[in-house]
Amino acid sequence: MKISGFTFVRNAVKFDYPFRESICSILPLVDEFIVSIGNCDDGTEEAILAIGSPKIKIVHSVWDDSLREGGRVLAVETDKALAHVSADSDWAFYLQADEVIHEADLPRIREAMEKYRNDKNVEGLLFDYHHFYGTYDYVGDSRRWYAHEIRVIRNNGNIVSYRDAQGFRTKDNQKLRVKKANAAVYHYGWVRHPHKQLEKLSSFYSLWNGQAYEVPKLKAEEHFDFFNDVDSLAVFKGSHPAVMESRIKEKNWQVDFDTRRKKFSFKDRLTYRFEKLTGIRPFEYRNYRLI
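Note that this is a predicted model, so its numbers are computed, not measured. (Residues numbered from 1 in each chain as written. Predicted model: local features only at pLDDT ≥ 70, side-chain atom pairs only at ≥ 80, totals over all residues. Heavy atoms only, no water.)

1. Concerning the layout of surface pockets
How we decide: Using a 1 Å grid laid over the protein atoms alone, points where a 1.4 Å probe fits but cannot get out form a cavity; open sets with protein on both sides within 12 Å along at least 5 of 7 lines form a pocket; any residue with an atom within 4 Å of a point counts as lining. Grid points are joined across faces, edges and corners, and a volume is the space filled by probe spheres set on the points. To qualify as a helix, a DSSP run of H or I must reach at least 4 residues; to qualify as a strand, a run of E must reach at least 2; elements of each kind are numbered from the N terminus. Only Asp, Glu, Lys and Arg are considered charged in this grouping, and only Ala, Val, Leu, Ile, Met, Phe, Trp, Tyr, Cys and Pro are considered nonpolar; every other residue, Gly among them, is considered polar.
When its volume is computed, the second largest pocket comes out at roughly 430 Å³. Counting only elements with at least two residues in the lining of the second largest pocket, the list comes to strand E6 (124–133), strand E7 (135–140) and helix H7 (266–278). The element contributing the most residues to the lining of the second largest pocket is E6, with five residues. Partitioned by chemical class, the residues of the lining of the second largest pocket number ten nonpolar, six polar and eight charged.

This is the structure:
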């Protein structure tokens, strides 16, 4: 069985992505890792080369900045990276630059890949999600955060990134048939110093709001308001991936939340309580077919 990892990055150093930790988290599992680097000059490529793994294969891309509607450029860049995956790979493992896999889950992921390798009816593997927010101590636990997504796809040439690259579909726009990976993605996209988070979001919004959007120039004292932009959090009680240990120790900001406070509409409060009592998320959007 051959496994390829793939991702895309741009200005990952500038916007403080845990991209090296992301890549390293699945290097033990994959036979190659494709990194498509967009046009940037912030030291991203040098940082990836410094990992020093012969499995890493760097390709270069120039982003089409005219695709500033609905995050479409992110799907385009995902597909560019996927196109470089070796044709003889059975599976392609996709991680975004702020997503990390726990080392304890690697054996379960490999087991699932082996189990369904020859079952062509299975087009992908579905992962649970931990969405960290503000610091490494809190996770979003409301419907605002997607609970599951596809991160391993069959390398059959018929699967493409969907919409803003959150998930995948077939080339004829059919939802993928998936099995559970029995593993989780640790998503750190909302964990940064408050100034860095505002800087990242200010730039990122341009990918959704059209060419007329201008990235604002931020003053050093401007910070993202974590408190006003969240409806519900829970304390994270598990362990983080080992590759994140140094990054977590180097955290230089403090944000403390009262997890008892919830900012819900009446409807959302009811569905939140129902989910916590039953484990069922009613009317959940699913961009996949669990088989």
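2. Describing the packing of aromatic side chains
Note the threshold: Stacked, edge-to-face and tilted labels apply to pairs of Phe, Tyr and Trp rings (six-membered ring for Trp) whose centres lie within 6.5 Å, assigned for plane angles under 30 degrees, over 60, and everything in between, in that order. Think of it in three bands: with a 1.4 Å probe and only protein chains considered, a residue is buried below 20% of the maximum accessible area for its type, exposed above 50%, and partly exposed in between. Think of it as a cone above the ring: NZ of Lys or CZ of Arg counts as a charge over the ring if it is within 6 Å of the ring centre and within 35 degrees of the ring normal.
Scanning all chains against the criterion turns up 21 aromatic pairs. Taking the centre distance of 4.8 Å and the plane angle of 80° together, the rings of Phe132 and Phe236 count as edge-to-face. Linking Phe132 in strand E6 with Phe236 in the loop between strand E12 (233–235) and helix H6 (245–249), this pair joins segments that are 104 residues apart in sequence. As far as burial versus exposure is concerned, Phe132 and Phe236 are alike and both buried. Three or more aromatic residues joined by ring pairs make a cluster, and in this case those are Tyr133, Tyr138, Trp145, Trp190, Phe224, Phe226, Phe227 and Phe257. The lysine or arginine in question, Arg144, covers the ring of Trp190, its NZ or CZ lying 5.5 Å from the ring centre. The ring centre of Tyr17 lies 4.7 Å from the NZ or CZ of Arg192, which sits over that ring.

3. Focus: unusual backbone geometry
Unusually for a residue other than glycine, Asp16 sits at a positive phi of about 60°. If you trace the backbone, Asp16 turns up in the loop between strand E1 (3–9) and helix H1 (19–26). The class for Asp16 is partly exposed, based on a relative accessible area of 26%. If you check the backbone angles, Asn173 has positive phi at about 70° while not being a glycine. Within the secondary structure, Asn173 is located in the loop between strand E10 (167–170) and strand E11 (177–190).

4. As for H1
With respect to burial, H1 is a largely interior element, six of its eight residues being buried. Every buried residue of H1 is listed here: Phe19, Glu21, Ser22, Ile23, Ser25 and Ile26.

5. With respect to the environment of Val122
As a reminder of what qualifies: By definition in these notes, contact holds between two residues if any of their heavy atoms fall within 4.5 Å.
Relative to the helices and strands, Val122 is located in the loop between helix H4 (106–116) and E6. Note: C-alpha distance between Val122 and His187 (65 residues apart in sequence) is 25 Å. In contact with Val122, other than residues within four places in its own chain, are Trp91, Tyr116, Arg154, Arg177, Lys179 and Ile291.

6. Let's talk about the pairing of strand E8 (residues 148–154)
We count it as follows: The pairing criterion is simple: DSSP has to find at least two bridges between the two strands.
Of all seven residues in E8, six are buried, a share of seventy percent or more. Looking at chain direction, E6 and E8 are connected through five bridges and run antiparallel. Counted as the bridge partner of Leu126 is Ile150 from E8.

7. Some remarks on the nonpolar core
The cut-off we apply is this: We define a nonpolar core as any set of buried Ala, Val, Leu, Ile, Met, Phe, Trp, Tyr and Cys residues linked to one another through side-chain atoms lying within 4.5 Å.
Formed by 35 residues in total, the largest nonpolar core has its most connected members in Phe93, Ile101, Ile109, Met113 and Phe127. Elements with a contribution of two residues or more to this core: E1, H1, strand E2 (32–37), helix H2 (44–49), strand E4 (91–94), H4, E6 and E11. Ranked by residues supplied to this core, first place goes to H4 with five residues. Those residues in contact with Ile101 that sit more than four places away from it in its chain are Ser25, Ile26, Phe93, Leu95, Leu106, Ile109, Phe127, Ala184, Val185 and Pro241.

8. What to know about the pairing of E6
Taking burial as the measure, the ten residues of E6 include eight buried ones, the bulk of the element. Judged from the eight bridges that link them, E6 and E11 form a sheet pairing that is parallel. Within the sheet, the bridge partner assigned to Asp128 lies in E11 and is Ala184. Bridge analysis of E6 against E7 gives two bridges, and the strand direction is antiparallel. Bridged to Tyr133 within E7 is Thr135. Between E6 and E7, which pair antiparallel one after the other, the connecting turn spans one residue, and Gly134 there sits at a positive phi close to 80°.

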